[in-house]
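Close look at the chain arrangement
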Amino acid sequence: MSKMTELLKEIKDGLTQVSSSQKDEVRVMQMMLNDREYAVGVYDKDGKKEDYCPSSDYRKMLGNVVASTTKIGKEEAAQLVDKYEATKADAITMVGISKEFINTYLDCGRKLPLGGREKSSYELSIKVNAECEKKYPKLVGTDANGKGIYESTPKKVPAHKSIKAHGSCPSWVK
């Protein structure tokens, strides 16, 4: 079992509620960049087409950076980069870049397919929400028994954007 798989299990086992955690985001990113054994199956309409190893892809990118900036050969750069372990600071940077890519790309109006995996195929898109008026309960007093008395109060909600997730059962799962 890869270290990444162990980390994911540890995080899942420790959950008491679904919430965000910047600490876990960084831990997962750092492990994903460093765990050379962790790979996910990539699927399309015909089934599994390949395995994708984020650590390997990351090291190829770093090798290209080292080779082009130092003018050394790609093989030598690859050997140097293979010894490198991503730091917490590297993981923080990659999480930030990943999030900003999603925000920026979705803002151009296109869907962002996240790729087929063993049991899923997700896409994200921007949803533009027009300005509207919604009614919310407002506490206006208490009755003789001490229970709250509420009125429905309108509130203006300004126009805003949200993310819409798309994901039906993929053909390779059916």
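Reference entry: report on the structure contained in this document. (Residues numbered from 1 in each chain as written. Predicted model: local features only at pLDDT ≥ 70, side-chain atom pairs only at ≥ 80, totals over all residues. Heavy atoms only, no water.)

**Observations regarding the packing of aromatic side chains**
A full pass over the atoms with the stated rule returns 2 aromatic pairs. With a centroid separation of 5.8 Å and an interplanar angle of 20°, the aromatic rings of Tyr 43 and Trp 172 are classed as stacked. Of this pair, Tyr 43 sits in strand β1 (residues 40–44) while Trp 172 sits in the segment after β7 (160–166); the two residues are 129 residues apart in sequence, bridging distant segments of the chain. Ring centres of Phe 101 and Tyr 105 lie 5.6 Å apart, and the angle between their planes is 20°; this geometry places the pair in the stacked category. Of this pair, Phe 101 and Tyr 105 are both found in helix α5 (residues 88–107), 4 residues apart, which corresponds to roughly one turn of the helix. Taking relative accessible area as the criterion, Phe 101 reaches 45% and is therefore assigned partly exposed. (Phe/Tyr/Trp six-rings, centres within 6.5 Å; stacked < 30°, edge-to-face > 60°. Helix = DSSP H or I, 4+ residues; strand = E, 2+ residues; numbered from the N terminus. Buried < 20%, exposed > 50% of the residue type's maximum accessible area, 1.4 Å probe, protein only.)

**Focus on the pattern of salt bridges**
This structure, assessed with the given rule, holds 11 salt bridges. Notably, a salt bridge pairs Arg 36 with Glu 85, separated by 3.0 Å at the nearest N-O pair. Placement of the pair is Arg 36 in the loop between α2 (22–34) and β1 and Glu 85 in the loop between α4 (74–82) and α5, with a sequence separation of 49 residues. Residue classification places Glu 85 among the partly exposed positions, given a relative accessible area of 41%. Note that Asp 46 is salt-bridged to Lys 45, the shortest N-O span being 3.4 Å. (Salt bridge = Lys/Arg side-chain N within 4 Å of Asp/Glu carboxyl O.)

**A few points about the nonpolar core**
Counting residues in each nonpolar core, the largest one holds 9 residues, listed as Val 26, Met 29, Leu 33, Tyr 58, Leu 62, Val 81, Ala 86, Ala 91 and Val 95. Contributing elements (two or more residues each) for this core: α2, α3 (54–70) and α5. With 3 residues, the single largest contributor to this core is α2. (Core = buried A, V, L, I, M, F, W, Y, C linked by side-chain atoms within 4.5 Å.)

**Section: the packing of α3 against α4**
For the pair α3 and α4, interaxial distance at closest approach is 8 Å and the crossing angle is 125°. Of the possible angle classes, the one that applies to α3 and α4 is oblique. As for how α3 packs across α4, the hand of that crossing is right-handed. The segment α3 lies against α4, with Arg 59, Leu 62, Gly 63, Asn 64, Val 66 and Ala 67 engaging Lys 74, Ala 77, Val 81 and Asp 82. Across the contact of α3 with α4, the residue classes break down as 5 nonpolar, 2 polar and 3 charged. (Axes fitted to C-alpha atoms, helices over the stretch in contact; angles between N-to-C directions. Parallel < 35°, antiparallel > 145°, perpendicular 65-115°, else oblique. Left-handed = near helix turned anticlockwise from the far one by under 90°. Contact = heavy atoms within 4.5 Å. Nonpolar A, V, L, I, M, F, W, Y, C, P; charged D, E, K, R; others polar.)

**With respect to the environment of Ile 149**
With respect to the helices, strands and loops of the structure, Ile 149 is situated in strand β6 (residues 148–157). For Ile 149, a relative accessible area of 37% translates into the label partly exposed. It is 51 Å that separates the C-alpha atoms of Ile 149 and Glu 118, two residues lying 31 residues apart in sequence. Sequence-distant contacts of Ile 149, that is, excluding residues within four places in its chain, are made with Lys 138, Leu 139, Val 140, Gly 141, Thr 142 and Asp 143.

**So, the environment of Ala 86**
Along the chain, the position of Ala 86 falls in the loop between α4 and α5. Expressed as a C-alpha distance, the spacing of Ala 86 and Asp 35, which sit 51 residues apart in the sequence, is 9.9 Å. In this view, Ala 86 contacts Gln 30, Leu 33, Asn 34 and Tyr 58; residues no more than four positions away in its chain are not counted.

**What about the pairing of strand β2 (residues 47–52)?**
As paired elements, β1 and β2 share 5 bridges and run antiparallel to each other. Looking across to β2, one finds that Val 40 is bridged to Tyr 52. Between β1 and β2, which follow one another and run antiparallel, lie 2 residues. (Pairing = 2+ DSSP bridges.)

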